[in-house]
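Here's the letter readout for the chains.
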Amino acid sequence: MKRFFNNLAVSFQRFMQGRYGVDRLHRVLTWVYFAILIVSIFLSRSVDIKIYYAVMLAGLAVLIFAFFRVFSKNIEKRKKENERWLAFENKIKKRFRILRDRWKFRKTHVFKKCPKCKAVLRLKRIKGIHTVTCPHCKEAFKIRNF
């Protein structure tokens with residue numbers, strides 16, 4: 001039995017040579033499929049059967065696309081798709097990180113945007129008018145804290 005599974009593993013490794021494999025976008029698409037599956041279970045009892053089948057079909061399309069990416073031999077295109085996804089994901093994470101920090105430091109700091117590069121700066125909460133230099137673009141600008 002052990003020999004059978006070893007042979008099966010070697011066969012699968014040979015099959016996957018030259019193919020893209022699993023990446024972050026594949027994992028996200030798989031989780032999206034499971035979320036759609038759970039939503040469709042709740043929809044099965046409360047909505048029209050056509051809507052239920054449309055949701056199930058959308059979930060199946062997501063799952064098929066996820067596994068298409070895994071078995072694809074166009075590695076460069078799949079890498080670019082994954083890089084675009086990671087850039088989008090990092091943008092969202094950055095936004096939530098800023099919101100978390102705003103809440104965490106709400107009593108001791110203020111958050112201002114640089115007028116030139118739009119970077120969010122965390123500044124000490126000191127009353128009055130102050131000149132601030134952005135560490136990203138080196139632009140100097142005045143702020144007024146209350």
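Residues numbered from 1 in each chain as written. Predicted model: local features only at pLDDT ≥ 70, side-chain atom pairs only at ≥ 80, totals over all residues. Heavy atoms only, no water.

## Observations regarding the pairing of strand E3 (residues 128-133)
Pairing analysis gives six bridges linking E3 to strand E4 (residues 140-145), with the strands arranged antiparallel. Of the residues in E4, the one forming a bridge with Thr133 is Ala140. Taken together, E3 and the strand that follows it, E4, pair antiparallel across an intervening segment of six residues, in which Lys138 is found at a positive phi of about 65°. (Pairing = 2+ DSSP bridges. Helix = DSSP H or I, 4+ residues; strand = E, 2+ residues; numbered from the N terminus.)

## Quick notes on helix H3 (residues 49-71)
For H3, built from 23 residues, the straight-helix expectation of 33 Å at 1.5 Å per residue is met to within 8% by its first-to-last C-alpha distance of 33 Å. Of the surrounding elements, those touching the buried residues of H3 are helix H1 (2-16), helix H2 (24-46) and helix H4 (75-104). (Expected span 1.5 Å × (residues − 1). Contact = heavy atoms within 4.5 Å.)

## Side note on the state of the cysteines
Across all of its chains, the model carries zero disulfides by this definition. Cys134 provides the cysteine sulfur closest to Cys117, a residue in no disulfide bond, and the two sulfurs are 3.6 Å apart. Overall, Cys117 belongs to the partly exposed group, its relative accessible area being 34%. No disulfide involves Cys137; its sulfur sits 3.6 Å from that of Cys114, the nearest cysteine. (Disulfide = S-S within 2.5 Å. Buried < 20%, exposed > 50% of the residue type's maximum accessible area, 1.4 Å probe, protein only.)

## Side note on the packing of H2 against H3
Their axes nearest at 9 Å, the elements H2 and H3 cross at an angle of 165°. Classed by the angle they form, the pair H2 and H3 counts as roughly antiparallel. H3 is crossed by H2, and the crossing has left-handed handedness. Two secondary-structure elements touch here, H2 through Leu25, His26, Leu29, Val32, Tyr33, Ile36, Leu37, Ser40, Leu43 and Ser44 and H3 through Tyr52, Val55, Met56, Gly59, Leu60, Val62, Leu63, Phe65, Ala66, Phe67, Arg69 and Val70. (Axes fitted to C-alpha atoms, helices over the stretch in contact; angles between N-to-C directions. Parallel < 35°, antiparallel > 145°, perpendicular 65-115°, else oblique. Left-handed = near helix turned anticlockwise from the far one by under 90°.)

## A look at the environment of Val70
Along the chain, Val70 turns up in helix H3. Through-space distance from the C-alpha of Val70 to that of Met16 is 9.0 Å; in sequence the pair is 54 residues apart. In contact with Val70, other than residues within four places in its own chain, are Met16, Arg19, Tyr20, Gly21, Val22 and His26.

## What to know about the packing of aromatic side chains
Inspection of the entire model under this criterion finds nine aromatic pairs. Residues Tyr52 and Tyr53 carry aromatic rings whose centres are separated by 5.4 Å and whose planes lie at 55° to one another, so their mutual orientation is tilted. Taking relative accessible area as the criterion, Tyr53 reaches 52% and is therefore assigned exposed. The structure contains a cluster of three or more aromatic residues connected by ring pairs, namely Phe12, Phe15, Phe67 and Phe71. (Phe/Tyr/Trp six-rings, centres within 6.5 Å; stacked < 30°, edge-to-face > 60°.)

## With respect to the pattern of salt bridges
Tallied over the full model, the rule gives six salt bridges. A salt bridge links Arg69 to Asp23, with the nearest nitrogen and oxygen atoms 3.0 Å apart. In this pair, Arg69 sits in helix H3 while Asp23 sits in the loop between H1 and H2, placing the two residues 46 residues apart along the sequence. On the accessibility criterion, Arg69 (0% relative accessible area) is buried. (Salt bridge = Lys/Arg side-chain N within 4 Å of Asp/Glu carboxyl O.)

## What to know about a positive patch on the surface
Residues Lys91, Arg95, Arg102, Lys113 and Lys118 make up a contiguous surface patch of positive charge. Tallying contributions element by element places H4 first for the positive patch, with three residues. On the secondary structure map, Lys91 appears in helix H4. Overall, the relative accessible area of 58% leaves Lys91 in the exposed class. (Patch = residues over 30% accessible without salt bridge, like charges linked within 9 Å, V, L, I, M, F, W, Y side chains within 5 Å. Areas by Shrake-Rupley, 256 points an atom, 1.4 Å probe, with all protein chains shown as cover. Lys, Arg positive; Asp, Glu negative; His and termini not counted. Charge placed at Lys NZ, Arg CZ, Asp CG, Glu CD.)

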